[in-house]
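Structural description and commentary
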Amino acid sequence: MSGFQDVRDVMELSGPSDATTRVPAAKKQKTVERRPDGITRELFALLGENPPPVAIVESKFKEKPRWMGKVNPWVWKPFNNPARSDGFVLHHWERKTEPPQDLEYQFAKFNVKVDVPIYTDGEYEVLKDPDWTREETDYLFDLCREYDLRFVIIWDRYEFPASGKARSVEDIKARYYSVCRSLMELRTPLNQMTPEETQIFNRLNFDKERETARKNMAEVLFARTPEQVKEEEMLLVELTRITKNQARNLEERKELFGRLEVPASQGSISPYTGSQGLAHLREMMVNSNDKNKKRKSIAMASNNANNSDGPQQSPAVATSAERSGPGGGSGGGPSQKDTPQPKKQVRKLTEEEELEFGVTYHDKLTPGVKFRSAMVSSTVKGGTAQKVQAALAQLEISPRLAMPTARTVQRFEQLQASVGVLLDARKANDKIDNEHRILKAQIEAAKEES
Amino acid sequence: MSGLQPVLPSNQAPSTFEYGGDEISAIVLDPGTAWTRAGFAGEDTPKSVVPTDYGVLEEAGENGGKKYFIGDNDVHSIRPGMEIKNPMSDGIVADWEAATILWREAITPRLTKALSEHPLLMTEPSWNPPKNREKTIEIAFEDFDVPAFYLAKAGVCAGFASGKSTGLVIDVGASNISVTPIHDGLVLRKGCVRSPLGGDFLSNQIRAYFESANIPLSAHYQVLSKTAVEVGKPAEATYRTFPPGEEPTESYKRFQEERVLTEFKECTAQVWVGPGPLPTNNNPPLEAAHAILSPGGRTFEFPDGYNLVFNSERFRITEGIFHPPSMLTAPNPDPHTTPGLNQLIANAMKDIDVELRQMILNNIVITGAGSLLYGFTDRVNAEIAAAFPAPRVRVMAAGNSVERRYAGWLGGSILASLGAFHQLWVSKKEYEEHGPNIVEKRCK
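Quantities reported herein were computed from a predicted structural model and do not represent experimental measurements.

**Some words on the packing of aromatic side chains**
- Counted according to the given criterion, the structure contains 33 aromatic pairs over all chains.
- When the centroid spacing of 5.2 Å and the interplanar angle of 70° are considered together, the rings of Tyr221 of chain B and Tyr252 of chain B count as edge-to-face. Highlighted residues: Tyr221 of chain B in the loop between α5 (199-212) and β15 (223-227) and Tyr252 of chain B in helix α6 (residues 250-267), separated in sequence by 31 residues.
- Aromatic rings pair up to connect Tyr119, Tyr124, Phe141, Phe151, Tyr176, Tyr177 and Phe206 of chain A into one cluster.

Here it is in structure tokens:
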């Protein structure tokens, strides 16, 4: 930037542009990374602030091999293996060293032997076992030494016909460990053993019965049928699934219980028991859910059903609503916007259908729940009502209907009315009869007088 | 050594412990019934592979003795009166004189003339009797004058070649299929079983099938020239004629036919997928299966140009290995007493400690050239999985056919180049001290 400043100085340029241009330029300079060696300045300038997207490999000649002096020769050298007892000499290639040095054969250290105890004749007196002869025990220990205590191999190679017994792996192990244990105890009494020795001593305890039982169980496990294996696998899968989902299930259950807890009711419901109250409640809910379009539309539909709009209008309204719905109503005029949204068409039922579905219309219903039998409204009034009751009782018709359906109630009312009419007619008849009789008597009396 | 320079500077010795190897330039010899393999220990393939079958001419050698023809070139050339013989029988040496000559011939022309400078490691089958083992060590020290000798079990070596010291080695050789359980590099003798259902049996199966179907079998040497013919049409070839008295012997003819049968095994025979035996003839599943496996069958052209399309027969000829009752060569071997491969594996597992079974079934190694039959390993896998549902079964078979064929040799090569192994060699001094019986003590 100093170059830029120099130019400005040379040109004797100064002014407010100086400060404004310089400050951001200096900032930019700080963020620019150092240009890698293998790239020209012009190309780097084109790359801008971001590092190049590909690695730039400098084209260089391969480095000259660095010869570190003379090549070390190999020599075909005899070596003695200390692991061998016969001093047999083999040859192998070795690096030549100056001066020639004879190192111990490096693989000799892998020649390790298992320490199998050796017992004397005197010690064997203690180790006696009725099942094993001295010869067989010796044979066993030789095998143990030969096969480094690989008991499976020892059992595989075990051939001692003199004993006449088939020895199992457990028999062999039990004998070996019991001999080792007794021998150890014999040489160092139990109370004089070091902790390590005690540990070894305890480890030599071989429980033959348990081992045999374990092996029998292993045998059973090995001889499972495919079905058993499949079932076991299935159970295992199920178990893992259950344990995996346990936490989630608990969570879900908790949430469910939380939902099941009913919120405490606020206030009495008595204002909403009547049909008017219910209507009011519905209004409230509709208003509160103004944003819920679906509910609103239902409400509108029911409103429209009440207005006997006629079926011709509703399809037109529906199409306009469809048109304005997804397009945001941009095409529709203001009048269309103001018209209520989709109307649900209410089907007019024919009389047969009304009868079939039991739809009835009532002018006025008293609020509250009641028995239909109580709906029987007697048209007969006053004293005749009781006479009607008496007449019905005389006819053995119960004043309370057994099955008060709408139609039976209607017929019952008709019956009552008819009975009332009849009773009225009889009353009128009686009255006229009486008057007739009185008048007749008066006429008789007048005749007698005259 | 120069090849190693970029990774290993010349002034720095490689760390032998990285691979435990210490090459002492030992020779490994793996005598089989079909092939005798020899090479230097530490290499990955045998340098010298010769057919175990050799040609012999009576009264043609020096002093009127036998003249032997050994090696691919000699044994396949036509010589009147040359008999083709095999020194092995049931996988073990029967003719010691011929075997000695053969082994020497396998080593000397291509490896070294100076046998006395290289320790020799040989492999043997697990059923090799002690007498044969003693004879082998005798030949090694007396005839070959090797400085040290070791006799390793072929099964163990095959396991080593797959990196397994414990497992079940299924070796499909020419004379036998052997199943050898090994543990810690030692053969479990009680579980060693074998069955004469190897490659030779398969050849006989194919031969029997050709005879029953009246398919003429020709050998390459018989044909001078041939012309292409339609499928199933008689061959149009000119055959080589021999002046009377100069015809090749019957054993030579058979030996040459055997090569054609081997080719048939390699490119046409196939093993039924299993598990369970191959469905019997005219069974829809079989037809459906082979329609899927090889639509239209496979064509095989005989040396004289005669060619045929083979369908379900391809499965039928191999089925005897797994299911002896369906073999075509009855009564030899007896289909009812010869155990099939499934039975062999079951027998082997029966005599193994139950605690080892799991581990052994988890390390099944399939080797031998016979196991290269198409679909063989899949079938073995299916059969074992069906027979032992409880433990996890894992079958390993080298994908590389060279490794599969020479697994026994390769394992021997690994063994003889290990630094820790060199204490096990039976040295000449020890042999002279203890006699041939030392092999029983040392080579377990």
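**Looking at a negative patch on the surface**
All names here are of chain B.
- Residues Glu138, Glu142, Asp143, Glu432 and Glu433 make up a contiguous surface patch of negative charge.
- Among the secondary structure elements, those contributing two or more residues to the negative patch are α3 (130-143) and α14 (428-434).
- When residues in the negative patch are grouped by element, the largest group, three residues, is from α3.

**Re the interface of chain B and chain A**
- The interface is formed by 50 residues belonging to chain B together with 41 residues belonging to chain A.
- Buried area between chain B and chain A, both sides added, is near 3900 Å², and the carbon and sulfur share of it is 58%.
- Remark: the boundary between chain B and chain A carries seven salt bridges.
- Put simply, Asp184 of chain B and Arg150 of chain A hold a salt bridge, and the shortest N to O gap is 2.7 Å.

**Focus on the nonpolar core**
- Counting 75 residues, the largest nonpolar core has Ile170, Leu341, Phe376 and Ile384 of chain B as the members making the most contacts within it.
- No other element matches the seven residues that helix α7 (residues 169-187) of chain A contributes to this core.
- Sequence-distant contacts of Phe376 of chain B, defined by excluding residues within four places in its chain, comprise Val172, Val271, Ile321, Phe322, Leu341, Ile366, Gly370 and Ser371 of chain B.
- Among the nonpolar cores identified, the runner-up in size contains 51 residues, and Ala99, Leu115, Tyr150 and Val426 of chain B belong to it.

**Quick word on α7 of chain A**
Residue and element names in this part refer to chain A.
- Taking 1.5 Å per residue as the helical rise, α7 with its 19 residues ought to reach 27 Å, and the 27 Å between its terminal C-alpha atoms agrees with that figure.
- Of all the positions in α7, only Val169, Glu170, Asp171, Ile172, Lys173, Ala174, Arg175, Tyr176, Val179, Cys180, Leu183 and Met184 are classed as buried.
- Each element contacted by the buried residues of α7 is listed here: α4 (121-127), α5 (134-146), α6 (151-157), α8 (195-203) and α9 (208-222).

**A short note on the side chain of Asn362 of chain B**
- Locating Asn362 of chain B in the fold gives a position in the loop between α10 (354-361) and β19 (364-367).
- Each residue touching Asn362 of chain B, except ones within four places of it in the same chain, is listed here: Arg392, Arg394 and Met396 of chain B.

**Describing the sheet that holds strand β2 (residues 35-40) of chain B**
Residues and elements named next belong to chain B.
- With respect to topology, six strands assemble into an open sheet ordered β3-β2-β1-β9-β10-β21, the strand pairing being mixed. Strands with a single pairing partner mark the edges of an open sheet, and in this sheet they are β3 (48-51) and β21 (426-427).
- In this fold α3 packs onto β9 (120-124), β10 (148-153) and β21, with an angle of close to 150° to the strand it touches most, β10.
- Packed on one face of the sheet, helix α4 (residues 154-161) meets β9 and β10 and runs near 80° to β10.

**Structural notes on a positive patch on the surface**
All names here are of chain A.
- Together, Lys387, Arg426, Lys427 and Lys431 make up a positively charged patch on the protein surface.
- Counting residues per element, the positive patch draws most heavily on helix α17 (residues 406-449), at three residues.
- Counting through the fold element by element, Lys427 comes out in helix α17.

**Looking at a nonpolar patch on the surface**
Residue and element names in this part refer to chain A.
- Taken together, Val7, Val10, Met11 and Leu13 make up a surface patch of nonpolar side chains, about 420 Å² in accessible area.
- Structurally, Met11 can be placed in helix α1 (residues 2-11).
- With a relative accessible area of 57%, Met11 lands in the exposed category.

**Considering the sheet that holds strand β4 (residues 54-57) of chain B**
All names here are of chain B.
- A sheet is described by the order of its strands in space; here three strands give the open sequence β5-β4-β6, paired in antiparallel fashion. For this open sheet the edge positions go to β5 (67-69) and β6 (83-85), each flanked by a neighbour on one side alone. Looking at each pair of strands side by side, their axes are set apart by 35° on average, direction ignored.
- Summarising the sheet, β4 and β5 pair through three bridges and their orientation is antiparallel. Bridge pairing in β5 links Leu57 to Lys67.

**Quick word on the packing of helix α2 (residues 96-107) of chain B against α3 of chain B**
Residues and elements named next belong to chain B.
- Contact pair α2 / α3: the axes reach a minimum separation of 12 Å and the direction vectors enclose 50°. With respect to α3, the axis of α2 lies oblique. Crossing hand, α2 versus α3: right-handed. Side by side, α2 and α3 meet where Trp96, Thr100, Trp103 and Arg104 of the first sit next to Asn132, Lys135, Thr136, Ile139 and Asp143 of the second.
- Of the residues that constitute the contact of α2 with α3, the class distribution is three nonpolar, three polar and three charged.

Parameters and conventions
Residues numbered from 1 in each chain as written. Chains lettered and ligands numbered in written order. Predicted model: local features only at pLDDT ≥ 70, side-chain atom pairs only at ≥ 80, totals over all residues. Heavy atoms only, no water. Phe/Tyr/Trp six-rings, centres within 6.5 Å; stacked < 30°, edge-to-face > 60°. Helix = DSSP H or I, 4+ residues; strand = E, 2+ residues; numbered from the N terminus. Patch = residues over 30% accessible without salt bridge, like charges linked within 9 Å, V, L, I, M, F, W, Y side chains within 5 Å. Areas by Shrake-Rupley, 256 points an atom, 1.4 Å probe, with all protein chains shown as cover. Salt bridge = Lys/Arg side-chain N within 4 Å of Asp/Glu carboxyl O. Lys, Arg positive; Asp, Glu negative; His and termini not counted. Charge placed at Lys NZ, Arg CZ, Asp CG, Glu CD. Contact = heavy atoms within 4.5 Å. Buried area = accessible area lost by both parts, 1.4 Å probe. Core = buried A, V, L, I, M, F, W, Y, C linked by side-chain atoms within 4.5 Å. Buried < 20%, exposed > 50% of the residue type's maximum accessible area, 1.4 Å probe, protein only. Expected span 1.5 Å × (residues − 1). Pairing = 2+ DSSP bridges. Axes fitted to C-alpha atoms, helices over the stretch in contact; angles between N-to-C directions. Parallel < 35°, antiparallel > 145°, perpendicular 65-115°, else oblique. Left-handed = near helix turned anticlockwise from the far one by under 90°. Nonpolar A, V, L, I, M, F, W, Y, C, P; charged D, E, K, R; others polar.

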